[in-house]
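Below, each chain spelled out in residue letters.
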Amino acid sequence: MPSVTGPEIDRLIQLLARLPGLGPRSARRAALHLIKKREALMTPLAGALQVAIDRIRVCETCGNIDTRSPCTVCTDTRRDPSIIVVVADVADLWALERAGASNGFYHVLGGTLSPLDGVGPQDLTIDALVSRAHDPRVSEIVLALNATVDGQTTAHYITDLLGDADVKVTRLAHGVPVGGELDYLDEGTLSAAMRQRTLF
Ligand code: ZN
């Protein structure tokens, strides 16, 4: 295909195309939009990216991403120190925070165990989680992991390791989504919802 732009704009498009959810076509559109909105969008975006490069770090306690370590969540004294919510990824932590789902602290594993992809316990922050679970202030570890084979394998592995810690290990319920219609659910979800039914 003949190139209609110089290598600089091609490079911008190629980099944008690496973002999740953007294919080459949307990347071209995004690049064009940025170029047209140079003052209003491109310059501030470049500035925000530079700030991110200079200042953003991984929290040494929980694995969240912030401009300081310990992060904003870990230094929030209004939180309940007895609960640690374990998530696979920072995106999951942010999703739970957006939902206001928990008032506890977090622990980001950095992924889930996946023998097929060569991800073992040493690739995740499981050792750090076990040592946090032995903090006498902690009484519950909530495993907020994906309802996938890898997520559940990881949950079982962690539960076994926490056997000698004085904590209750819980996990998220599986079941009917809010606003969900039974007729549209897959059999796995429906049978999990039936098994985990609660008193009305
Ligand atoms: Zn933190």
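Please read all numbers here as calculations on a predicted model, not as lab measurements.

**Here we look at the coordination of the zinc ion**
At this site the zinc ion is bound by Cys59 (SG), Cys62 (SG), Cys71 (SG) and Cys74 (SG), with donor distances of 2.3 Å. Linear spacing of the donor residues for the zinc ion on their chain is C-x2-C-x8-C-x2-C. Placement of the pair is Cys59 in the loop between β1 (57-58) and β2 (65-66) and Cys74 in the loop between β2 and β3 (83-87), with a sequence separation of 15 residues. Each member of the pair, Cys59 together with Cys74, is buried.

**What to know about the environment of Ile158**
Mapped onto the elements, Ile158 comes out in helix α6 (residues 149-161). Exposure remark for Ile158: the relative accessible area of 1% places this residue in the buried category. Setting aside residues no more than four positions away along its own chain, Ile158 makes contact with Val86, Leu109, Ile126, Leu129 and Leu143.

**Concerning the side chain of Thr154**
Locating Thr154 in the fold gives a position in helix α6. A relative accessible area of 0% places Thr154 in the buried class. If near-sequence neighbours (up to four positions away) are discounted, Thr154 is found in contact with Leu109, Thr112, Leu113 and Leu145.

**Let's talk about the sheet that holds strand β6 (residues 168-171)**
The strands making up a sheet associate through backbone hydrogen bonding, with each pair oriented either parallel or antiparallel. Overall, parallel pairing links the 4 strands, which are arranged β4-β3-β5-β6 in an open sheet. Both outer strands of the open sheet, β4 (105-108) and β6, are each paired with one neighbouring strand and no more. Looking at each pair of strands side by side, their axes are set apart by 25 degrees on average, direction ignored. As judged from the 4 bridges shared by strand β5 (residues 140-143) and β6, these two strands associate in the parallel manner. Bridging across to β6, Leu143 finds its partner in Arg171.

Criteria and cut-off values
- Residues numbered from 1 in each chain as written.
- Predicted model: local features only at pLDDT ≥ 70, side-chain atom pairs only at ≥ 80, totals over all residues.
- Heavy atoms only, no water.
- Donors = N, O, S within 2.8 Å, 3.2 Å for Na, K, Ca; no water.
- Helix = DSSP H or I, 4+ residues; strand = E, 2+ residues; numbered from the N terminus.
- Buried < 20%, exposed > 50% of the residue type's maximum accessible area, 1.4 Å probe, protein only.
- Contact = heavy atoms within 4.5 Å.
- Pairing = 2+ DSSP bridges.
- Axes fitted to C-alpha atoms, helices over the stretch in contact; angles between N-to-C directions.

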